[in-house]
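Chain by chain, the residues:
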Amino acid sequence: MKKNLIVGQSGGPTAVINCSLYGVVSEGERQENVDKVYGMVNGIEGFLKGNYLDFAAMDSKEKLLYTPGAFLGSCRYKLPEDFADPVYPEIFKKLEEMNIGYFCYIGGNDSMDTVSKLSRYASSVKSDIRFIGVPKTVDNDLVMTDHTPGFGSAARYVAQTVREITRDASVYDKEAVTIVEIMGRHAGWLTAAGMLARQQGDRNPYLIYLPEVAFDVERFIRQIQEAMKECKALVVCVSEGIRDQDGTFICEYDSEAAVDNFGHKMLTGCGKYLERLVQNRLGVKVRSVELNVSQRCSAALMSKADQKEAVEAGMFGVKAAVSGETGKMAAFSRKGSAPYEMECTLQDVNLICNQEKTVPKEWIIRDGSDVSQDFMEYALPLIQGRIDLPEDEFGLADFVRR
């Protein structure tokens, strides 16, 4: 008997999260064992409230391929650790009523935690529903995969934007420091992409600071002074999550950071703190720029390579579920970088959730203020290719709306 497939999106969106959604939906509609393809509106939290849609009624699914954000809406809902909690039978009752046989969840670390819990609960109650995770995150911090969909486009945005900021900063023949704050709580992958902004013969951004290495304020000031001997218009990239040797986030030097539903500190403001620090200590012109959500929602700078792989991850997840796999995540295995070659694999989601992949320490050089050529070789294939966006009557990108 045919079963239905349901897909949801969770956590922070990316430029290509809807490409993975397109992959899931298009492959689901092709599979003979799948009858209908449903979408959870606002993830598992919305599903619990009865919010879902039928993709059969949706026109222009191809627009998902270049629409940023999360088409289905997202959530940050943490399932309880205790399988005796009544939410689990409630979820499975709804799934059974909808004749769901396949469940795909597109998200990052916390979303893989949801897939892990649902697949383990299914096993405990002898349910034959198959649960598969489809990865996404601009942070690139999921373990057991070479990289994640969303990172390539965000890295392309960071590299291009930092390159443009560098050109703007060099206009005047005066000493100046521009500090660019980039996403990354515990992993500095996205901030490291600042190095891709460098053009031949120009080392700007001169300084790049990742959360993998303890940040020392006095060392930072010294490194600024040394770099300004070579470059008047200095550009510095910093991760939002840089912290000192005691684990205190630099942004907390000013105020206490709030926390989200998962207990993660909501970080912002280290760039502004460092701006005031440099101004007070060195007396030079200084400004800070926080890239914020633009890093994850820029369709204009979407990487074609990232778009392609995001679709492949969604399609691969559906094929895995239909073939009987469960409790797994679609992952990427790199076969080569020059030329670049990647293939999809399956990894145990229970070994992925609640873990974090950080930038290798050996890639962090110059006393914690730069990244090596190893990162360049790793990241360059992921940011390649430009997308031509269809335009509406106003000459702006024509995104799909729910």
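I'm lost on the sheet that holds strand S7 (residues 207-209) in this one. Help?
The strands making up a sheet associate through hydrogen bonds between their backbones, and the pairing can be parallel or antiparallel. Within the open sheet, the four strands sit side by side as S7-S8-S6-S11. Their pairing is parallel. Two strands lie at the open edges of the sheet, namely S7 and strand S11 (285-290), each paired on one side alone. Averaged over all pairs of adjacent strands, the angle between their axes in this sheet comes to 15°, without regard to strand direction. With seven bridges joining them, strand S6 (residues 176-182) and strand S8 (residues 233-239) adopt parallel strand pairing. In the strand pairing of S8, Ala176 is matched with Ala233. The strands touched by helix H7 (residues 217-227) within the sheet are S6, S7 and S8, with S7 carrying the most contacts at an inclination of about 160°.

What is the right way to read the environment of Val177 from this model?
Take Val177: it is sitting in strand S6. Classification of Val177 by relative accessible area gives buried; the value is 1%. Between the alpha carbons of Val177 and Val24 there is a distance of 45 Å; along the sequence they are 153 residues apart. If near-sequence neighbours (up to four positions away) are discounted, Val177 is found in contact with Ile224, Met228, Leu234, Val236, Val278, Val284, Lys285, Val286 and Arg287.

Could you clarify how one ought to interpret the nonpolar core in this entry?
Nonpolar side chains tend toward joint burial in soluble globular proteins. Among the nonpolar cores identified, the biggest contains 40 residues, and Leu5, Val7, Leu21, Val24, Phe55 and Phe71 are the most heavily contacted of them. Every element with two or more residues in this core is listed here: strand S1 (3-9), helix H1 (17-30), strand S2 (34-40), strand S4 (100-107), strand S5 (130-135), helix H10 (304-322) and strand S13 (340-348). If one sorts the elements of this core by residue count, H10 sits on top with seven residues. Here Leu5 is in contact with Val24, Gly28, Val34, Lys36, Val37, Tyr38, Ile100, Tyr102 and Val318, once residues within four sequence places are set aside.

Explanation requested: the packing of H1 against H10 in the structure shown.
Orientation of H1 relative to H10, taken along the N-to-C sense of each, is 40°, at an axis distance of 7 Å. Considering the angle they form, H1 stands oblique to H10. The element H1 and its partner H10 pack so that their crossing is right-handed. Across the interface between the two elements, Cys19, Ser20, Tyr22, Gly23, Val24, Ser26, Glu27, Gly28 and Arg30 of H1 pack against Gln307, Ala310, Val311, Gly314, Met315, Val318 and Lys319 of H10. Residue composition of the contact of H1 with H10, by class: seven nonpolar, six polar and three charged.

Can you walk me through H7 in this structure?
Structural remark: α-helix, 3.6 residues per turn; residues separated by three or four positions point the same way. Listed as buried for H7 are Val217, Arg219, Phe220, Ile221, Gln223, Ile224 and Ala227. Buried residues along H7 sit against S6, S7, S8 and helix H8 (270-282). Of the residues flanking the start of H7, the one acting as N-cap is Asp216, its side-chain oxygen 3.1 Å from the backbone nitrogen of Glu218.

Looking at this structure, I do not really get the pattern of salt bridges. What am I missing?
A pair can form between side chains of opposite charge whenever their charged atoms are brought close. Evaluation of the coordinates by the stated rule reveals 20 salt bridges. Across the pair Glu312 and Lys308 runs a salt bridge whose closest N-O atoms are separated by 2.6 Å. Of the two residues, Glu312 and Lys308 are both situated in helix H10; the distance of four residues between them amounts to about one turn of the helix. The class of Lys308 is exposed, set by a relative accessible area of 52%. Close ionic contact of Glu343 with Lys335 constitutes a salt bridge, the shortest N to O distance being 3.3 Å. Judged by its relative accessible area of 48%, Lys335 falls in the partly exposed class. One connected set of salt bridges, linked through shared partners, spans Lys78, Glu81, Asp113 and Lys117.

Honestly, the packing of aromatic side chains in this entry has me stumped. Any pointers?
For the structure on display, the rule yields 18 aromatic pairs. Centroid distance Trp189 to Tyr378: 5.2 Å. Interplanar angle 40°. Geometry classified as tilted. Of this pair, Trp189 sits in helix H6 (residues 189-192) while Tyr378 sits in helix H11 (residues 373-379); the two residues are 189 residues apart in sequence, bridging distant segments of the chain. Given the relative accessible area of 8%, Tyr378 is considered buried. Taking 5.5 Å as the distance between ring centres and 80° as the angle between the ring planes, the aromatic pair formed by Tyr253 and Tyr273 counts as edge-to-face. Of this pair, Tyr253 sits in the loop between S8 and strand S9 (258-259) while Tyr273 sits in helix H8; the two residues are 20 residues apart in sequence, bridging distant segments of the chain. Accessibility expressed as a relative area gives 34% for Tyr253, which makes it partly exposed. Given the relative accessible area of 16%, Tyr273 is considered buried. Each residue in the set Phe83, Tyr88, Phe92, Phe103, Tyr105, Tyr121 and Phe131 is aromatic and connected to the rest through ring pairs, giving one cluster. Between the NZ or CZ atom of Lys357 and the centre of the ring of Trp189, over which it lies, the distance is 5.2 Å.

So, how was this worked out
- Residues numbered from 1 in each chain as written.
- Predicted model: local features only at pLDDT ≥ 70, side-chain atom pairs only at ≥ 80, totals over all residues.
- Heavy atoms only, no water.
- Pairing = 2+ DSSP bridges.
- Helix = DSSP H or I, 4+ residues; strand = E, 2+ residues; numbered from the N terminus.
- Axes fitted to C-alpha atoms, helices over the stretch in contact; angles between N-to-C directions.
- Contact = heavy atoms within 4.5 Å.
- Buried < 20%, exposed > 50% of the residue type's maximum accessible area, 1.4 Å probe, protein only.
- Core = buried A, V, L, I, M, F, W, Y, C linked by side-chain atoms within 4.5 Å.
- Parallel < 35°, antiparallel > 145°, perpendicular 65-115°, else oblique.
- Left-handed = near helix turned anticlockwise from the far one by under 90°.
- Nonpolar A, V, L, I, M, F, W, Y, C, P; charged D, E, K, R; others polar.
- Polar contact = N/O pair within 3.5 Å; in protein donor to acceptor, adjacent residues only side chain to side chain.
- Salt bridge = Lys/Arg side-chain N within 4 Å of Asp/Glu carboxyl O.
- Phe/Tyr/Trp six-rings, centres within 6.5 Å; stacked < 30°, edge-to-face > 60°.
- Lys NZ or Arg CZ within 6 Å of the ring centre and 35° of its normal.

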